[in-house]
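# Geometric and topological summary
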2 protein chains.
Amino acid sequence: MSPMEIALEEARAAARRGEVPVGAVVTDAAGQVLSRAGNEVEARHDPSAHAEILAMRAAAALRADKHLEDATLWVTLEPCAMCAQAASLFRVKRVVFGAYDPKSGGVEHGARVFAHRQCHHAPEVVGGVREAEAAALLREFFAARR
Amino acid sequence: MSPMEIALEEARAAARRGEVPVGAVVTDAAGQVLSRAGNEVEARHDPSAHAEILAMRAAAALRADKHLEDATLWVTLEPCAMCAQAASLFRVKRVVFGAYDPKSGGVEHGARVFAHRQCHHAPEVVGGVREAEAAALLREFFAARR
């Protein structure tokens, strides 16, 4: 299974728990999966428990190293400003995301966190990977709640 | 002791642990302290363990409620983009910070997280409270490490 497939699986599992369906995976330089997570905002009463933050924190804890300089963060949705800045602080090499998020994104939209000199490490960014599936998951989740 | 004095105390304690000296406090509508924290980035190998995130997470956990709509976040340094977006997601009412941070700040500088329509809740912001003391702490910390 590709990292983005695993992230999509985490997003589906999050939806089943009543969480906004976003999933994330961290892989190392060899492509090995270091960590995987889905949103846990509701379960933890913690809006900072986005999939990306949980996955990066777990990968860094695994290595007992706060920097993930060889790592790729895979996430089903364009990160918000919080998660984008976190990816910079964890110094991930690359961020690969699924659906673009014009409403709340912070990489290609809004705060554009990596585009300022106050951002001291800007990961490479690849957007739109398995975009349709990631977007459909979110659409179905919110449609069912309306 | 005022909330900002407590935050400064947390910043000093962080410095003694070898952490960048930033401290944060969350107070409720009545001004009661819900939580206090200093940076724990080094101890946890977690760059997302900024004082603000730890304090907001603790306050929300205490109440088992992900939103802190009546709360004020007090922090000795202008929040970075990660912590600014987190303050928005936790829906804190007000952010009061000490020193301005032209190098890495994300509220009055750089990403200016609260200034975009992708930010769905913008707290009131008050900067420069006990600014000189907060800035001196940081200056001394980095001078000693050079």
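The structure displayed is predicted, hence computed values, not measured ones.

Before going further, it helps to examine the overall build of chain A. In terms of helices and strands, chain A carries 5 helices and 5 strands. Secondary structure elements of chain A, listed N to C terminal, follow the sequence α-β-β-α-α-β-α-β-β-α. The globule rule puts the C-alpha radius of gyration for 146 residues at 15 Å, and the 14 Å found for chain A is close to it. With respect to the principal axes defined by its C-alpha atoms, chain A has extents near 40 × 30 × 30 Å.

So, about the packing of aromatic side chains. Following the criterion strictly, the structure yields 4 aromatic pairs over all chains and no others. Geometrically, the ring pair formed by A:Phe97 and A:Tyr100 is edge-to-face, given 5.0 Å between the ring centres and 80° between the ring planes.

For the pair chain B and chain A, the best superposition has an RMSD of 0.0 Å and corresponds to a rotation of 180° with a translation of 0.0 Å parallel to the axis. Those values place the two copies in the arrangement expected of a two-fold rotation axis. Every residue of chain B has its C-alpha some distance from the rotation axis, and the shortest such distance is that of B:Met82, at 1.9 Å. Residue by residue, 100% of the interface of chain B is reproduced at the interface of chain A, so both copies engage with the same surface.

Residue and element names in this part refer to chain A. If you check UniProt for "active site" (unreviewed entry), the listed places come out as Glu52 in our numbering. By secondary structure assignment, the location of Glu52 is in helix H3 (residues 51–63). Setting aside its immediate chain neighbours within four residues, Glu52 contacts Val22, Ala24, Leu73, Val75, Leu77, Pro79, Cys80 and Cys83.

Residues and elements named next belong to chain A. Reading across from one edge, E2-E1-E3-E4-E5 is the order of the 5 strands in this open sheet, with mixed pairing throughout. Edge positions in the sheet fall to strand E2 (33–38) and strand E5 (124–126), since each of these pairs with one other strand and no more. Adjacent strand axes in the sheet meet at a mean angle of 15°, parallel and antiparallel pairs treated alike. Helix H5 (residues 131–145) contacts strand E3 (72–77) and strand E4 (94–99) of the sheet and is inclined by roughly 60° relative to E4.

Further remarks concern the pattern of salt bridges. Throughout the structure, instances matching the rule amount to 18 salt bridges over all chains. When the shortest N-O distance is used, the salt bridge between A:Arg36 and A:Glu9 registers 2.9 Å. Of this pair, A:Arg36 sits in strand E2 while A:Glu9 sits in helix H1 (residues 3–16), and the two are 27 residues apart along the sequence. Looking at A:Arg36, the relative accessible area reads 38%, which means it is partly exposed. For A:Glu9, a relative accessible area of 31% translates into the label partly exposed. Residue A:Arg57 pairs with B:Asp46 through a salt bridge whose shortest N-O separation is 3.1 Å. In this pair, A:Arg57 is assigned in helix H3 and B:Asp46 in the loop between helix H2 (41–44) and helix H3 (51–63), connecting two distinct chains.

Below, the discussion takes up the environment of A:Glu40. Residues and elements named next belong to chain A. Tracing the backbone shows Glu40 in the loop between E2 and helix H2 (41–44). On the basis of relative accessible area, Glu40 is assigned to the partly exposed category, the value being 25%. Between the C-alpha atom of Glu40 and that of Val22, which follows or precedes it by 18 residues, the distance is 9.7 Å. Residue contacts for Glu40: discarding those within four places in its chain leaves Arg17, Glu19, Ala49 and Leu54.

Let us look at the interface of chain B and chain A. Between chain B and chain A, the residue contacts involve 32 residues of the former and 32 residues of the latter. Both faces considered, chain B and chain A share a buried interface measuring about 2600 Å² in area, 63% of it formed by carbon and sulfur atoms. Ranking the residues of chain B by area buried against chain A places B:His45, B:Lys66 and B:Gln118 at the top, with a combined share of 22%. Counting across the chain B and chain A interface gives 14 residue pairs in polar contact (both at pLDDT 80 or more).

What follows covers the UniProt feature "binding site: Zn(2+)" (unreviewed entry) in chain A. Sequence positions flagged by UniProt for "binding site: Zn(2+)" (unreviewed entry) are, in local numbering, A:His50, A:Cys80 and A:Cys83. A compact arrangement is adopted by the annotated residues: their sequence extent is 34 residues, whereas the largest C-alpha distance between any two is 9.4 Å. Setting aside chain neighbours within four positions, we find A:His50 in contact with A:Asn39, A:Val41, A:Cys80, A:Met82, A:Cys83 and B:Leu89. Relative to the helices and strands, A:Cys83 resides in helix H4 (residues 81–89). Note on A:Cys83: relative accessible area 0%, which makes it buried. Discounting chain neighbours no more than four positions away, the residues touching A:Cys83 are A:His50, A:Glu52, A:Ile53 and A:Met56.

Conventions used here
- Residues numbered from 1 in each chain as written.
- Chains lettered and ligands numbered in written order.
- Predicted model: local features only at pLDDT ≥ 70, side-chain atom pairs only at ≥ 80, totals over all residues.
- Heavy atoms only, no water.
- Helix = DSSP H or I, 4+ residues; strand = E, 2+ residues; numbered from the N terminus.
- Rg over C-alpha atoms; globule rule 2.2 N^0.38 Å.
- Phe/Tyr/Trp six-rings, centres within 6.5 Å; stacked < 30°, edge-to-face > 60°.
- Least-squares fit on C-alpha atoms with pLDDT ≥ 70 in both.
- Contact = heavy atoms within 4.5 Å.
- UniProt positions renumbered as here; feature names shortened; annotations may be inferred.
- Pairing = 2+ DSSP bridges.
- Axes fitted to C-alpha atoms, helices over the stretch in contact; angles between N-to-C directions.
- Salt bridge = Lys/Arg side-chain N within 4 Å of Asp/Glu carboxyl O.
- Buried < 20%, exposed > 50% of the residue type's maximum accessible area, 1.4 Å probe, protein only.
- Buried area = accessible area lost by both parts, 1.4 Å probe.
- Polar contact = N/O pair within 3.5 Å; in protein donor to acceptor, adjacent residues only side chain to side chain.

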